[in-house]
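Listed here are the chains, written in short residue letters.
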Amino acid sequence: MIAPAPACPDCSAPLTGTGSCEACGLPLLGPLAARLWQVDQQLLALDTQREALRAERTRLIARLRAGDAVVAAPAPVDPDRPSHRETSPKQVQNTLLGLGALLLALAGLVFAAVTYRHLGAGGRAAVLVGLTVLAAAVPAPLAGRGLTASAEAVAVVALVLSALDAWALRRAGLGEGLRVESYGALATGVLAVLAGGYALVVPLRAPRVAAAVFAQLPVPYVLARWDAG
């Protein structure tokens, strides 16, 4: 196949190899002329692709008219549609943080049980109260940095330790003149108030739930104190 002779991009007159078109005088050298050549090449490629697409379109219509089998195209993905994956990275993170908080709470229980005879009731209560204060101070900066799941997990640990504190203080001799039911009602009431105040300082879900739960516990203690059915 013989390649077509080069022609002027403006008047289409044949070029003779000079620096300008002899027919219209269009300059053919320099950066502007080179860019014009690139634009013409891109337009030629687009025209070729357009013709190929038109030919394919004609063939597809002919095949559809002939009754050929059509392979269904994949449905478009909707970005707003929720994913059907079993777990998401956020769910895995929350699960791991929840397990970590549970393990820390269990560690506090084991600590209270193992050191029952070694530290004594007073020493055990002091250590648990210190750990509770330390755990309660951590969620605020975590929540301020946007680590809400981590803050919730540590807040749960602090709330569990606060319940252990009430038991440890009772073993240390706090409220010796009170019956167990009276002390339980008083302790859970105080814990409800503390959890409610903590929820105002740290806007998390765990302290609010704990305050609601602790607020219900004094009722059965009071009923048990008065031997109600």
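Note that the structure is predicted; figures quoted are calculated from it, not measured.

J.: Any chance you could explain the overall build of the chain here in plain terms?
T.: The helix and strand tally for the chain stands at eight helices and zero strands. Mapped from its N terminus to its C terminus, the chain presents α and β elements in the order α-α-α-α-α-α-α-α. With the model as given, the accessible surface of the chain reaches about 16,500 Å², and the carbon-plus-sulfur share is 66%.

J.: It is not clear to me how the packing of helix α5 (residues 148–171) against helix α7 (residues 205–216) should be interpreted in this structure. Could you clarify?
T.: Think of two packed helices as two axes; the pair is described by the angle between the axes and how far apart they sit. Here α5 crosses α7 at 30 degrees, and the two axes come no closer than 8 Å. Overall, the two elements α5 and α7 adopt an arrangement that is roughly parallel. Along the contact surface, α5 presents Glu152, Ala155, Val156 and Leu159, while α7 presents Arg205, Ala206, Pro207, Ala210 and Phe214. The class makeup of the residues in the contact of α5 with α7 is seven nonpolar, no polar and two charged.

J.: Whenever I open this one, unusual backbone geometry confuses me. Can you help?
T.: What is expected of a backbone is that most residues other than glycine have negative phi and most peptide bonds are trans. One non-glycine residue with positive phi stands out, namely Ser12, at about 65 degrees. By the secondary structure assignment, Ser12 is in the segment before α1 (31–66). Residue Ser12 is classed as exposed on the basis of its relative accessible area of 55%.

J.: Help me out: how do you make sense of the packing of aromatic side chains in this one?
T.: Each aromatic ring pair is characterised by the separation of its centres together with the angle its planes make. Counted under the stated rule, the structure contains zero aromatic pairs. A cation over a ring is seen here: Arg170 above Tyr183, with NZ or CZ 5.0 Å from the ring centre.

J.: Honestly, a nonpolar patch on the surface in this entry has me stumped. Any pointers?
T.: On the surface, Val129, Val133, Leu169 and Leu174 cluster together to form a nonpolar patch covering roughly 310 Å² of accessible area. Looking at where Val133 falls in the secondary structure, it is placed in helix α3 (residues 120–137). For Val133, a relative accessible area of 55% puts it in the exposed group.

J.: What exactly am I supposed to notice about the confidence of the model for the chain here?
T.: Regions with low pLDDT carry predicted coordinates that are not meant to be interpreted in detail. In the predicted model, the chain carries a mean pLDDT of 78, and 75% of its residues have values of at least 70. Here helix α2 (residues 89–114) stands out as the least confident element of the chain, with mean pLDDT 66; α1 is the most confident, with 90.

J.: Help me understand α1 in this model?
T.: Working note: α-helix, 3.6 residues per turn, so residues spaced by three or four point in the same direction. Taking 1.5 Å per residue as the helical rise, α1 with its 36 residues ought to reach 52 Å, and the 53 Å between its terminal C-alpha atoms agrees with that figure. Looking one or two residues beyond α1, the residue adopting positive phi is Gly67, at roughly 85 degrees.

J.: Can you walk me through the environment of Pro6 in this structure?
T.: Note that Pro6 resides in the segment before α1. Look at Pro6 and you get exposed, because its relative accessible area is 54%. Taking C-alpha positions, Pro6 is 9.2 Å from Gly17, a pair spaced 11 residues apart along the chain. When sequence neighbours within four positions are dropped, the list of residues in contact with Pro6 reads Ala13, Pro14 and Leu15.

J.: Before we go on, may I ask you to explain the side chain of Thr188 in this structure?
T.: For Thr188, the position within the fold is in helix α6 (residues 180–201). Separated by 3.1 Å, the side chain of Thr188 and the backbone oxygen of Ala185 make a polar contact. Among residues more than four places away in sequence, those in contact with Thr188 are Phe214, Leu217, Pro218 and Tyr221.

J.: Could you clarify how one ought to interpret the side chain of Ser162 in this entry?
T.: Inspection of the secondary structure assignment puts Ser162 in helix α5. Taking the relative accessible area as the measure of exposure, Ser162 reaches 14% and is therefore buried. Ser162 has contacts with Thr132 and Leu191, leaving out every residue within four places of it along the chain.

J.: What am I meant to see in α6 here?
T.: Relative to the 32 Å expected for 22 residues at 1.5 Å per residue, α6 spans 31 Å between its end C-alpha atoms, a close match to the ideal helical length. Residues of α6 that are buried include every one of Tyr183, Gly184, Ala185, Ala187, Thr188, Leu191, Ala192, Ala195, Tyr198 and Ala199, and no others.

J.: How should the nonpolar core be read in this particular structure?
T.: The tendency in soluble globular proteins is for nonpolar side chains to be buried as a group. Ala155, Leu159, Ala166, Ala195, Leu204, Ala210 and Phe214 are the most contacted members of the largest nonpolar core, which totals 17 residues. Elements supplying a minimum of two residues to this core: α5, α6 and α7. Sorting elements by how many residues they give to this core places α6 first, with six residues. Every residue in contact with Leu204, bar those within four places of it in the chain, is listed here: Pro139, Ala143, Thr148, Ala151, Glu152 and Ala155. Ala125, Leu128, Ala135 and Ala168 belong to the second largest nonpolar core, which has eight residues in total.

Criteria and thresholds
Residues numbered from 1 in each chain as written. Predicted model: local features only at pLDDT ≥ 70, side-chain atom pairs only at ≥ 80, totals over all residues. Heavy atoms only, no water. Helix = DSSP H or I, 4+ residues; strand = E, 2+ residues; numbered from the N terminus. Areas by Shrake-Rupley, 256 points an atom, 1.4 Å probe, with all protein chains shown as cover. Axes fitted to C-alpha atoms, helices over the stretch in contact; angles between N-to-C directions. Parallel < 35°, antiparallel > 145°, perpendicular 65-115°, else oblique. Contact = heavy atoms within 4.5 Å. Nonpolar A, V, L, I, M, F, W, Y, C, P; charged D, E, K, R; others polar. Buried < 20%, exposed > 50% of the residue type's maximum accessible area, 1.4 Å probe, protein only. Phe/Tyr/Trp six-rings, centres within 6.5 Å; stacked < 30°, edge-to-face > 60°. Lys NZ or Arg CZ within 6 Å of the ring centre and 35° of its normal. Patch = residues over 30% accessible without salt bridge, like charges linked within 9 Å, V, L, I, M, F, W, Y side chains within 5 Å. Salt bridge = Lys/Arg side-chain N within 4 Å of Asp/Glu carboxyl O. pLDDT = per-residue confidence, 0-100. Expected span 1.5 Å × (residues − 1). Polar contact = N/O pair within 3.5 Å; in protein donor to acceptor, adjacent residues only side chain to side chain. Core = buried A, V, L, I, M, F, W, Y, C linked by side-chain atoms within 4.5 Å.

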